[in-house]
Protein chains: 2
Amino acid sequence: MSAFTLSSAELRARSGRKWHEYPDDVLPAWVAEMDFEVAEPIRAVLRGLTDEAAYGYEPSTEYAQLADAFATYMQQRFGWQPATEQVLPIADLVQALFTAVAAFSERGQGVVLQTPIYPPFQVAVRDTHRRIVEHRLIDDGSRYVMDTRSLADVFNADAPVLLLCNPHNPTGRVFERAELEAIAEVAADRQLTVVADEVHADLVYPGRQHIPFASLGPEVAERTVTLQSATKAYNIPGLRCGLMHFGSTALRERFRDLFPDRMLGTVNRFGIDATVVAWRECGQWLEEVMWVLGDNRQRLAAELPGVRCYAPEATYLAWLDCRGLELTESPQRWFLEHAGVAMNEGADFMGPGFARLNFGTSPEILAEILSRVTTAARARGSYLRKVGP
Amino acid sequence: MSAFTLSSAELRARSGRKWHEYPDDVLPAWVAEMDFEVAEPIRAVLRGLTDEAAYGYEPSTEYAQLADAFATYMQQRFGWQPATEQVLPIADLVQALFTAVAAFSERGQGVVLQTPIYPPFQVAVRDTHRRIVEHRLIDDGSRYVMDTRSLADVFNADAPVLLLCNPHNPTGRVFERAELEAIAEVAADRQLTVVADEVHADLVYPGRQHIPFASLGPEVAERTVTLQSATKAYNIPGLRCGLMHFGSTALRERFRDLFPDRMLGTVNRFGIDATVVAWRECGQWLEEVMWVLGDNRQRLAAELPGVRCYAPEATYLAWLDCRGLELTESPQRWFLEHAGVAMNEGADFMGPGFARLNFGTSPEILAEILSRVTTAARARGSYLRKVGP
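1. A few points about the overall build of chain A
Item 1. A tally of regular secondary structure across chain A gives 13 helices and 14 strands.
Item 2. Computed over C-alpha atoms, the radius of gyration of chain A comes to 21 Å, within 12% of the 21 Å expected from 2.2 N^0.38 for 389 residues, which places it in the range of a compact globule.
Item 3. Expressed along its principal axes, the backbone C-alpha trace of chain A runs to roughly 65 × 55 × 35 Å.
Item 4. Within chain A, the fraction of its 389 residues that count as buried is 54%.

2. Describing the sheet that holds strand β14 (residues 354–358) of chain A
Residue and element names in this part refer to chain A.
Item 1. Across the sheet, which stays open at both edges, the three strands sit in the order β11-β14-β13 with antiparallel pairing between neighbours. Two strands lie at the open edges of the sheet, namely β11 (317–321) and β13 (344–345), each paired on one side alone.
Item 2. Pairing geometry for β11 and β14, over five bridges, is antiparallel. Bridge pairing in β14 links W319 to R356.
Item 3. Docked against the sheet, helix α12 (residues 331–339) engages β13 and β14, running at close to 55 degrees with respect to β14.

3. A few points about the relation of the copies chain A and chain B
Item 1. In the superposition of chain A on chain B (RMSD 0.0 Å, axial shift 0.0 Å), the rotation amounts to 180 degrees. Here the two chains are linked by the operation of a two-fold rotation axis. Closest to the rotation axis within chain A is the C-alpha of L264 of chain A, separated from it by 2.8 Å.
Item 2. Comparing interface residues between copies, 100% of those in chain A also sit at the interface in chain B, which points to an isologous, same-surface contact.

4. Let's talk about the domain arrangement of chain A
Residue and element names in this part refer to chain A.
Item 1. By domain assignment, chain A separates into domain 1 (8–31 + 283–387) and domain 2 (44–281).
Item 2. Of note, the centres of domain 1 and domain 2, computed from C-alpha atoms alone, are 26 Å apart.
Item 3. Every contact between the two is made by 18 residues of domain 1 and, on the other side, 23 residues of domain 2.
Item 4. Of all the secondary structure elements, the ones that give two or more residues to the side of domain 1 that touches domain 2 are α11 (283–302), β11 and β14.
Item 5. Here the side of domain 1 that touches domain 2 is built from residues that sort into ten nonpolar, four polar and four charged.

5. Brief notes about the pairing of strand β7 (residues 161–165) of chain A
All names here are of chain A.
Item 1. Where burial is concerned, most of β7 is hidden: five out of the five residues are buried.
Item 2. Of the two faces of β7, the one lined by V161, L163 and C165 and the one lined by L162 and L164 are each fully buried.
Item 3. Both strand β3 (residues 110–113) and β7 contribute to a ladder of three bridges, which runs parallel. Each bridged residue has a counterpart across the sheet, and for V112 the counterpart in β7 is L162.
Item 4. The handedness of the β7 to strand β8 (residues 193–197) crossover, carried by helix α7 (residues 177–190), is right-handed.

6. Let's talk about α7 of chain A
Residue and element names in this part refer to chain A.
Item 1. Taking 1.5 Å of rise per residue, 14 residues should cover 20 Å, and α7 covers 20 Å from first to last C-alpha, within 8% of that figure.
Item 2. Taken residue by residue, α7 has L180, I183, A184 and A187 as its buried positions. Across the axial projection of α7, the buried residues extend over an arc of 100 degrees, all falling on one side. Of the residues in α7, the exposed ones pointing more than 90 degrees away from the buried face are A178 and D189.
Item 3. The inward-facing, buried residues of α7 abut α6 (151–154), β7, β8 and α8 (218–221).
Item 4. Directly after α7, the chain includes Q191, whose backbone phi takes a positive value near 60 degrees.

7. So, the environment of A152 of chain B
All names here are of chain B.
Item 1. For A152, the location among the structural elements is in helix α6 (residues 151–154).
Item 2. Exposure remark for A152: the 13 C-beta atoms within 10 Å place this residue in the partly exposed category.
Item 3. Sequence spacing of A152 and T226 is 74 residues, and the spatial spacing of their C-alpha atoms is 21 Å.

8. Comments concerning helix α5 (residues 119–126) of chain A
The periodicity of an α-helix, 3.6 residues per turn, causes residues three or four positions apart to be oriented the same way.
Item 1. Restricting attention to buried positions, one finds in α5 of chain A the residues F121, Q122, A124 and V125 of chain A. For α5 of chain A, the arc enclosing every buried residue in end-on projection is 160 degrees, short of the 170-degree limit, so these residues lie on one face.

9. As for the packing of helix α3 (residues 62–78) of chain B against helix α10 (residues 269–281) of chain B
Residue and element names in this part refer to chain B.
Item 1. Packing of α3 against α10 leaves a shortest axis separation of 9 Å and a crossing angle of 25 degrees. By the criterion of interaxial angle, the relationship of α3 to α10 is roughly parallel. Along this stretch, α3 crosses α10, giving a crossing that reads as left-handed. Counted together, E62, Q65, L66, A69, F70 and Y73 of α3 and R269, I272, T275, V276, W279 and R280 of α10 form the full contact between these two elements.
Item 2. For the contact of α3 with α10, the class distribution of residues is seven nonpolar, two polar and three charged.

10. Some words on the pairing of strand β4 (residues 131–134) of chain A
All names here are of chain A.
Item 1. Across four bridges, the pairing between β3 and β4 is parallel. When the sheet's bridge partners are listed, V112 is paired in β4 with V133.
Item 2. Considered for its hand, the β-α-β crossover made up of β3, α5 and β4 is right-handed.

11. Some points on the interface of chain A and chain B
Quoted interface sizes are often the accessible area lost when the parts come together.
Item 1. Between chain A and chain B, the residue contacts involve 50 residues of the former and 50 residues of the latter.
Item 2. Of all the secondary-structure elements, those providing two or more residues to the side of chain A that touches chain B are α2 (40–52), α4 (93–104) and α10 (269–281) of chain A.
Item 3. Looking at the side of chain A that touches chain B element by element, the count peaks at five residues for α2 of chain A.
Item 4. Of the residues contributing to the side of chain A that touches chain B, the split by class is 20 nonpolar, 15 polar and 15 charged.

12. What to know about unusual backbone geometry
Item 1. Residue P116 of chain B is reached from T115 of chain B by a cis peptide bond, and omega for that bond is 0 degrees.
Item 2. Within the element layout of this structure, P116 of chain B appears in the loop between β3 (110–115) and α5 (119–126).
Item 3. For the peptide bond that leads from N169 of chain B to P170 of chain B, omega is 25 degrees, which places it in the cis range.
Item 4. Examined against the element boundaries, P170 of chain B turns out to sit in the loop between β7 (161–165) and α7 (177–190).
Item 5. Backbone geometry at E326 of chain A places phi at a positive 50 degrees, although glycine is not the residue there.
Item 6. With a phi angle near 65 degrees, H129 of chain B is a residue other than glycine that sits in the positive phi range.
Item 7. In this structure, H129 of chain B sits in the loop between α5 and β4 (131–136).

13. A few points about the nonpolar core
Here is a general trend for soluble globular proteins: nonpolar side chains tend to be buried in one another's company.
Item 1. In terms of nonpolar packing, the biggest core is built from 259 residues, with L97 of chain A together with L97 of chain B touching the most fellow members.
Item 2. Ignoring anything within four residues of it in the chain, the contact list for L97 of chain A reads P120, F121, A124, L163, V195 and D197 of chain A.

14. Quick word on the packing of α2 of chain A against α10 of chain A
Residue and element names in this part refer to chain A.
Item 1. Two elements in contact, α2 and α10, have axes whose closest approach is 9 Å; the angle formed by their N-to-C orientations is 150 degrees. Considering the angle they form, α2 stands roughly antiparallel to α10. As for how α2 packs across α10, the hand of that crossing is right-handed. Residue-level inspection shows P41, I42, V45, L46 and L49 of α2 in contact with α10, the latter providing R269, F270, D273, A274, V277, A278 and E281.
Item 2. Broken down by class, the residue content of the contact of α2 with α10 amounts to nine nonpolar, no polar and three charged.

Cut-offs used in this document
Residues numbered from 1 in each chain as written. Chains lettered and ligands numbered in written order. Predicted model: local features only at pLDDT ≥ 70, side-chain atom pairs only at ≥ 80, totals over all residues. Helix = DSSP H or I, 4+ residues; strand = E, 2+ residues; numbered from the N terminus. Rg over C-alpha atoms; globule rule 2.2 N^0.38 Å. Buried ≥ 20, exposed ≤ 12 C-beta atoms within 10 Å, placed from the backbone. Pairing = 2+ DSSP bridges. Contact = placed C-beta atoms within 7 Å. Axes fitted to C-alpha atoms, helices over the stretch in contact; angles between N-to-C directions. Least-squares fit on C-alpha atoms with pLDDT ≥ 70 in both. Domains from an automatic or database assignment. Nonpolar A, V, L, I, M, F, W, Y, C, P; charged D, E, K, R; others polar. Right-handed = clockwise from strand over helix to strand, strands pointing away. Expected span 1.5 Å × (residues − 1). Arc of directions from axis to C-beta. Parallel < 35°, antiparallel > 145°, perpendicular 65-115°, else oblique. Left-handed = near helix turned anticlockwise from the far one by under 90°. Core = buried A, V, L, I, M, F, W, Y, C linked by C-beta atoms within 7 Å.

Written out as structure tokens, the structure is:
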């Protein structure tokens, strides 16, 4: 076991939602956090804060430091240079989705989602009284791809906003330049706002390359709001720090008209300091994490009988097509009951018959998860051959 | 020096805004935080979090614990029983002010403020494109009181919301039942929403009693949104945790229609855990703080020549009427330059000619602040007698 992987006993002994939502005999492979110790520089900076115990108002430089660390990191990793003055810190990217939908569309209008999609994308549309307009990713036999031919038509439905998710959750796709450019073209034609959640950008496997949507060109950037955070790659979602980057002053001012400064809250110092350190000092840790995740990903492809799963191009999330099991209940519920593994329910992602499996864990725990899932799937196979579904 | 007071050298050695905004030869008596160590139970719970270093998603019980701790605390201290299911955690009370204004009034409408008032009250009205309608507190020669006779007329100006601040910042008034009942009567007549910021409720000096506005009766509660937080009394504003309590389901639903769940962000775990512990375990610490503040408050009344100041009934903030100094510049700027003391500028509170002094510090530091202020004021007095203003 590597220095930062934890045993299931160690994980259960800690507080937090992932390992305590289900009974102790269930292995959790649901909510998107990893079973790894966070990097030592993050631990150290937060310990420093609680040693000092100065819980008054944070230094006035906090927000500027966050914007600087973000811009430098994006430049170094993706060759994209965001403008620090267009950065707005925000508690989490779900808040960013909700507020972006509210700011860039009107009640009753459509918002395009590329489904299946992470449930908060849907809630952000519904709960703000907008309509979900579906642009469904297509299974091409080896991965899920964007149907670029149908893209323009989707926006006929009075839909001024696209919530792009790239890398894509739950399919793990890293969209290619041609796919992104197809979006950019439609966006320019129809004067759309593109809200690009790119939180999984750091978790891309060899052979693929993340392209920030705003980096496609100045005209594209002008209509793009980028959402970014260190929470996924550096495993600190509980610290509640993310940011929005507005590709133009016009976009930011439109947003600010509805959500002036301080209406959306102030991001806490623990979250900001951890994020700054993550982006500045934890690259080596992330590289080691990617080795573990890469190995996990290989095993995944090999070991799921009766379930179709394309190796994700990014993320530690696998999108399992369980329809071959011919279940009469949801895959999530079935695997929970028959394998003692808690995944996320596909229907919540607008993908009924599917489940999302989190493989961001130690090889040992993943082996146990896959063993349980395989055993259950095999038994289901035998049952189907004997008596039918 | 008591166990929790800190020297100016110790305070300057820590990070944070209060002691670093001005040069080292300036004593900071501005932003509303105290120069005291936070209570040990708070320090311990936060150290526990950084020792564990589990920064994944927080336990699902966090919000419920906060609501429970709040309801119990309000019941014990003020005999008011809030409904836990009507509690909404929020990053800070300024966010609560902004969102309440947006939810309970329309663009162009008026929002009543009892001036002078804490600047974010004004910004919350202006930046959401509403109009400030002033209901000015009156100097009755011994304190600032509500002009209950003029109250009803104020609401003729198409103003459906009152932002009540009680105890009042900056005057330190704890409004009496008759004053609050006058508001309640007008609110019922005019179908107003009252947003009651009661964050200083714990910092009331002997002889006065804080009455939660929502506790006046069920009809009053139905139109009241109460804002509360442990940040002022327990000196943890940097942890970013407050809450809103809706006095009725109708109020909450109206708010939720504009601001659905997750649009306003998720409060971080450090803030929630610290607040829960503050409300449950730190009463003794607060009692000791109140002794220090009570002594400080006595000195204040005695030692400010040329400046009028009524002893506040609550808060560690003194509202200084500096008009007797006949300054040609703002009192804030003048005291900064001539006394090396940084206060808050009265004009920012809609009280030009005034300054707000923070006396939440050790007796030693306060003595130095008052000595500097007194010396400067005396020199100004001599100057005026010689050459006029």
